[in-house]
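# Breakdown of the fold
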Amino acid sequence: MQKKSVVRAIKIATKNKFDKSWIVRCFAAILLFGQVWLHFLQGKTYYRKILQHLVTSGPGSISPVLLVNGFAGMIFTIQTARELIRFGAENAVGGAFALAFCRELAPILTASIMAGQVGSAFAAEIGAMQVTEQIDALYMLKTDPIDYLVLPRVIACCLMVPLMTILALVTGIIGGVFAASKFYQILPETFLESVRNFLEPSDLFIILLKGFIFGVLVAIIGCSWGLTTKGGAKEVGESATKAVVISWVSIFIIDFFLSLLLLEQPTF
């Protein structure tokens, strides 16, 4: 009898470990993305919930986004200007800033901060609802959790992450102008003219596209990890943490392929 109990406990532990594995949960996130897309095309959503999550995803996260990108712009300018001035290329400092910070660093930093603040909140909120059986209560009330919980969050992130990226971009440029003029006596006009020469109008579209895709990733992964939470309060915290980590990894992987496809023409 005791042996059967041990075997049963091992089977339950193995099943729980399999259910919590990142491979299974990533596959669940992909399925959730398909469901969200289908529900969006069918026009099933709660607009009041969208407005609520717009506030959470936007004004609630603007301070860390602006601070991080402002100081990142100054740090990047200090590092690049020091090397370029050594070769007499101070007029290209803004161009190097535009190519690296504007195209890559600003969208990635913004999405990472949104993943840490917004994505983790989504995972924790929905995870708490899942372990307390509030999701089952929604089904009892004939309310689809995807329409009520997931889709409004995805739409809010899709709208706010690109907007936050543009604000971060502007803040980073201001930080770069300040660092260049304060520490290397590069005129703001020279810096901004170099940025304008290197940054093309199509780059703005690519930056917005990256923000949109990163917003989808942050919302889908956060909601999916919340919906697949099993256990208690400890598992809710683990889901929030893992959602952030998976979001960061996904952001960097997707950014690599986007940069490869949209900005470069590789030869194989």
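Note that this is a predicted model, so its numbers are computed, not measured.

One can find D203 in helix α9 (residues 201-227). Linking D203 and L163, residues 40 residues apart in sequence, is a C-alpha distance of 15 Å. At a separation of 2.9 Å, a polar atom in the side chain of D203 contacts the main-chain amide nitrogen of E200.

This structure, assessed with the given rule, holds 7 salt bridges. With a closest N to O distance of 2.7 Å, E125 and R153 form a salt bridge. Highlighted residues: E125 in helix α5 (residues 93-131) and R153 in helix α7 (residues 145-184), separated in sequence by 28 residues. E193 is paired through a salt bridge with R196; the nearest N and O atoms lie 2.6 Å apart. Here E193 and its partner R196 are both found in helix α8 (residues 188-198), 3 residues apart, which amounts to about one turn of the helix. Residue classification places R196 among the exposed residues on the basis of a relative accessible area of 54%. The network of salt bridges with shared partners includes R82, E83 and R86.

Enumeration according to the criterion identifies 6 aromatic pairs in this entry. Measuring from centroid to centroid gives 5.1 Å for Y46 and Y148, while their planes differ by 85°, and the two rings are edge-to-face. Residue Y46 is found in the loop between α2 (22-41) and α3 (47-57), and its partner Y148 is found in helix α7; the two are separated by 102 residues along the sequence. For Y148, a relative accessible area of 27% translates into the label partly exposed. Grouping aromatic residues by their ring pairs yields a cluster made of F76, F97, F101 and F191.

Turning our attention to the packing of α2 against α9. At a closest axis distance of 9 Å, the pairing of α2 and α9 adopts a crossing angle of 115°. Every pair of crossing elements has a handedness; the one defined by α2 and α9 is right-handed. Within the contact between the two elements, α2 uses W22, R25, C26, A28, A29, L32, F33 and V36 and α9 uses V216, I220, C223, S224, W225 and L227. By residue class, the composition of the contact of α2 with α9 is 12 nonpolar, 1 polar and 1 charged.

Before going further, it helps to examine the UniProt feature "transmembrane region" (unreviewed entry) in the protein chain. The sites that UniProt annotates as "transmembrane region" (unreviewed entry) are residues 21-41, 61-78, 154-184, 204-228 and 240-263. Note that residues 154-184 is 100% helix and 0% strand, and that its end C-alpha atoms are spaced 43 Å apart. The span residues 204-228 shows a helical share of 96% and a strand share of 0%, and its end C-alpha atoms are spaced 36 Å apart.

So, about the nonpolar core. Core analysis: the biggest nonpolar cluster contains 43 residues, and V36, L149, V150, V154 and W225 have the highest contact counts within it. Put simply, the parts of the chain that give this core at least two residues each are α2, α3, α5, α6 (134-140), α7, α9 and α10 (233-262). The biggest single contributor to this core is α7, with 13 residues. Aside from chain neighbours lying at most four places away, what touches V36 is I146, V150, L151, V154 and I220. Within the second largest apolar cluster, 16 residues are counted, among which are A98, A106, A180 and F191.

Basis of the calculations
- Residues numbered from 1 in each chain as written.
- Predicted model: local features only at pLDDT ≥ 70, side-chain atom pairs only at ≥ 80, totals over all residues.
- Heavy atoms only, no water.
- Helix = DSSP H or I, 4+ residues; strand = E, 2+ residues; numbered from the N terminus.
- Polar contact = N/O pair within 3.5 Å; in protein donor to acceptor, adjacent residues only side chain to side chain.
- Salt bridge = Lys/Arg side-chain N within 4 Å of Asp/Glu carboxyl O.
- Buried < 20%, exposed > 50% of the residue type's maximum accessible area, 1.4 Å probe, protein only.
- Phe/Tyr/Trp six-rings, centres within 6.5 Å; stacked < 30°, edge-to-face > 60°.
- Axes fitted to C-alpha atoms, helices over the stretch in contact; angles between N-to-C directions.
- Left-handed = near helix turned anticlockwise from the far one by under 90°.
- Contact = heavy atoms within 4.5 Å.
- Nonpolar A, V, L, I, M, F, W, Y, C, P; charged D, E, K, R; others polar.
- UniProt positions renumbered as here; feature names shortened; annotations may be inferred.
- Core = buried A, V, L, I, M, F, W, Y, C linked by side-chain atoms within 4.5 Å.

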